[in-house]
Amino acid sequence: VLSVSLPVVQWVTLYGSELLLHMMNVRVWADGMFLYTGSRVFGMPDPYSALGTAVTVSLCATGCGFLVRLRWQEVGVLVLTGVAQVLLLDVVRVSIMVLCEAGRGPAWPVTFLMDTTGIFIAIASALILLEALAWSAVLLARLHRERVKAEADREREDRGIITSGFWMAIIRWRACILFA
């Protein structure tokens, strides 16, 4: 599965970087495996692609989801969100690499990708943890509101008065009636 996913991840990363760089008015083009500028060709080495980070972040998302006691459907959404964030962060990372390449040696892109992989994983994992905690807080607030509403409904039922509407109006307006 991972060997099939690697070209897809590289394709998404390089074409996404091409789109982002075009929006910043940088002349680049991608062919799915390489990103070309006017002066340099950037490849995406397999060990530094987003696939390894996506696997790490998906495991982190699964663990975070279970730690904050999310349902399995919510954990699945959290994992998919994490993989999407990894792809977006990798697009940003490759775009930064292309923008900062001026005057660097030929081995610099690989060194840049290798040096930023740890930072990349830390940012993606922290984002997933924050999302899991935020969703857990939303669920706890919803549960608290439901409990408060159920308690209020139960108290309202206990205070039921068996009187007619006429006598309820007399009781409600008794001060006005007495002073009139």
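Along every chain, residues carry numbers that run from 1 in the direction the sequence is written. It should be noted that, the model being predicted, local features are given only for residues of pLDDT at least 70 and side-chain atom pairs only at 80 or more, the latter also being counted only at that level, while totals for whole chains, interfaces and linings use all residues. To obtain the side-chain values, all non-hydrogen atoms of the structure were used and water was disregarded.

Draft legend 1. Inspection of the layout of surface pockets at higher detail. If you add up the space inside the largest pocket, you get close to 190 Å³. We place a 1 Å grid over just the protein atoms. Points where a 1.4 Å probe fits but has no way out form a cavity, open points with protein on both sides within 12 Å along at least 5 of 7 lines form a pocket, and any residue with an atom within 4 Å of a point lines it. Along its surface, the largest pocket is lined by Val68, Arg69, Leu70, Arg71, Glu74, Ser136, Leu139, Leu140, Arg142, Leu143 and Glu146. Looking at the lining of the largest pocket, the element that brings in the most residues is helix α4 (residues 108-158), giving six residues. When grouped by side-chain class, the residues that make up the lining of the largest pocket number five nonpolar, one polar and five charged. Grid points are joined across faces, edges and corners, and a volume is the space filled by probe spheres set on the points. By volume, the second largest pocket is sized at about 150 Å³. What lines the second largest pocket is Leu89, Val92, Arg93, Ile96, Phe112, Thr116, Ile119, Phe120 and Ile123. We count a stretch as a helix when DSSP gives it H or I for four or more residues in a row; a strand needs E for two or more, and each element gets its number in order from the N terminus. Three categories are distinguished: nonpolar for Ala, Val, Leu, Ile, Met, Phe, Trp, Tyr, Cys and Pro, charged for Asp, Glu, Lys and Arg, and polar for the others, with Gly belonging to the last.

Draft legend 2. How the structure looks around the packing of aromatic side chains. Working definition: a ring pair exists when centres of Phe, Tyr or Trp rings (six-membered ring for Trp) sit within 6.5 Å. Plane angles under 30 degrees give stacked, over 60 give edge-to-face, the rest tilted. Per the counting criterion, the structure on display carries four aromatic pairs. Here the aromatic rings of Trp11 and Tyr15 are separated by 4.8 Å at their centres, their planes lie at 55°, and the arrangement is tilted. Here Trp11 pairs with Tyr15, and both are found in helix α1 (residues 2-23), just four residues apart, close to one helical turn. Three labels apply to residues, based on accessible area from a 1.4 Å probe with only protein chains included: buried if under 20% of the type maximum, exposed if over 50%, partly exposed otherwise in between. You can call Tyr15 partly exposed: its relative accessible area is 29%. Note on Phe34 and Tyr36: the rings are 6.4 Å apart at their centroids and 45° apart in plane angle, and the pair reads as tilted. For Phe34, a relative accessible area of 38% puts it in the partly exposed group.

Draft legend 3. Main features of the side chain of Glu101. In this fold, Glu101 is placed in the loop between α3 (72-99) and α4. Residue Glu101 is classed as buried on the basis of its relative accessible area, which comes to 12%. Beyond its immediate sequence surroundings of up to four residues, Glu101 is in contact with Thr37, Ser39, Arg40, Phe42 and Trp108. Whether two residues touch is decided by their heavy atoms; if any such pair falls within 4.5 Å, the residues are in contact.

Draft legend 4. Representation of the sheet that holds strand β3 (residues 41-43) within the structure. When DSSP finds at least two bridges between two strands, those strands are taken to pair. Strand order in the open sheet made by the three strands is β1-β2-β3, with antiparallel pairing throughout. Since the sheet does not close on itself, it has two edges, and those belong to β1 (29-30) and β3, each with one partner.

Draft legend 5. Examining the environment of Gly43 more closely. Within the fold, Gly43 resides in strand β3. Overall, Gly43 belongs to the partly exposed group, its relative accessible area being 30%. Through-space distance from the C-alpha of Gly43 to that of Pro109 is 8.4 Å; in sequence the pair is 66 residues apart. Those residues in contact with Gly43, other than ones at most four positions away along the chain, are Met33, Phe34 and Leu113.

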